[in-house]
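# Analysis of the macromolecular model
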Amino acid sequence: MQELGGPAAADSEQVMNRAHDLLVAASASRFDQGLLQQSIEEFLGREWLRRHPGVQPFVNDLAALVQP
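These notes cover the structure that comes with them. By convention here, each chain's residues receive numbers from 1 onward along its written sequence. Totals for whole chains, interfaces and linings use all residues, but because this is a predicted model, local features are given only for residues with pLDDT of at least 70 and pairs of side-chain atoms are given and counted only at 80 or more. No hydrogens and no water enter the side-chain calculation; it runs on all heavy atoms of the structure.

### Digging into the overall build of the protein
Helix numbering and strand numbering both begin at the N terminus, where a helix is a DSSP run of H or I of at least 4 residues and a strand a DSSP run of E of at least 2. Tallying secondary structure elements over the protein gives five helices and zero strands in all. Its helices and strands in sequence order give the protein the pattern α-α-α-α-α, from N to C terminus. In the protein, which comprises 68 residues, the share counted as buried stands at 26%. Residue contacts are counted whenever heavy atoms from the two residues lie within 4.5 Å of one another. Pairs at least 24 apart in sequence give 37% of the contacts found in the protein among residues at least 6 apart. Counting only carbon and sulfur atoms, one obtains 57% of the accessible surface of the protein, whose full area is about 5,100 Å². Burial classification: accessible surface area is computed with a 1.4 Å probe over protein chains only, and a residue below 20% of its type maximum counts as buried, one above 50% as exposed, and the rest as partly exposed. Surface exposure here means Shrake-Rupley accessible area, sampled with a 1.4 Å probe, where a residue is shielded only by the protein chains that are shown.

### Observations regarding the side chain of His52
Mapped onto the elements of the fold, His52 is located in the loop between helix H4 (46-51) and helix H5 (56-66). On the basis of relative accessible area, His52 is assigned to the buried category, the value being 17%. A polar side-chain atom of His52 sits 2.8 Å from the main-chain carbonyl oxygen of Trp48. Between N or O atoms, a polar contact is any pair within 3.5 Å; within protein, one atom must be a potential hydrogen donor and the other a potential acceptor, and residues adjacent in sequence are included only when both atoms are from side chains.

### Things to note about the pattern of salt bridges
A side chain of one charge can pair with a side chain of the opposite charge when the charged atoms of the two come close. A side-chain nitrogen of Lys or Arg and a carboxyl oxygen of Asp or Glu constitute a salt bridge if their distance falls within 4 Å. The final tally for this structure, using the stated rule, is four salt bridges. For Glu47, the salt bridge goes to Arg50, with nearest N and O atoms at 2.4 Å. You can see Glu47 and its partner Arg50 sitting in helix H4, three residues apart, about one turn around the helix. The partner of Glu47 in a salt bridge is Arg51, and the shortest N-O contact between them spans 3.9 Å. Taken together, the residues span about one helical turn, with Glu47 and Arg51 both in helix H4 at a distance of four residues. Within the structure, one salt-bridge network assembled from shared partners comprises Asp11, Glu47, Arg50 and Arg51.

### Points about helix H1 (residues 9-27)
What a helix should span is 1.5 Å times the count of its residues minus one. With 19 residues, H1 ought to run about 27 Å at 1.5 Å a step, and its terminal C-alpha atoms sit 27 Å apart, in line with that. Every buried residue of H1 is accounted for by Ala9, Ser12, Val15, Leu22 and Ala25. Considering only its buried residues, H1 is in contact with helix H2 (31-34), helix H3 (40-44) and H4. In the segment just after H1, Ser29 is the residue with positive phi, at about 60°.

That is the geometry; function is a separate question.
Rendered as structure tokens:
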């Protein structure tokens, strides 16, 4: 929300949309299909995650939950 209206707003909105897509896929028990054969980091965007390091622990927790 801090980036709303700023130059990075479009990137953050895209990440939020992708995170919502993962939530929908997980709700339908199709999490892996939601990733489109990418890692969580690739799907959300490595550059965005690099700029928002506070999100990485949550990505790590999610990845640990979905490991086969």
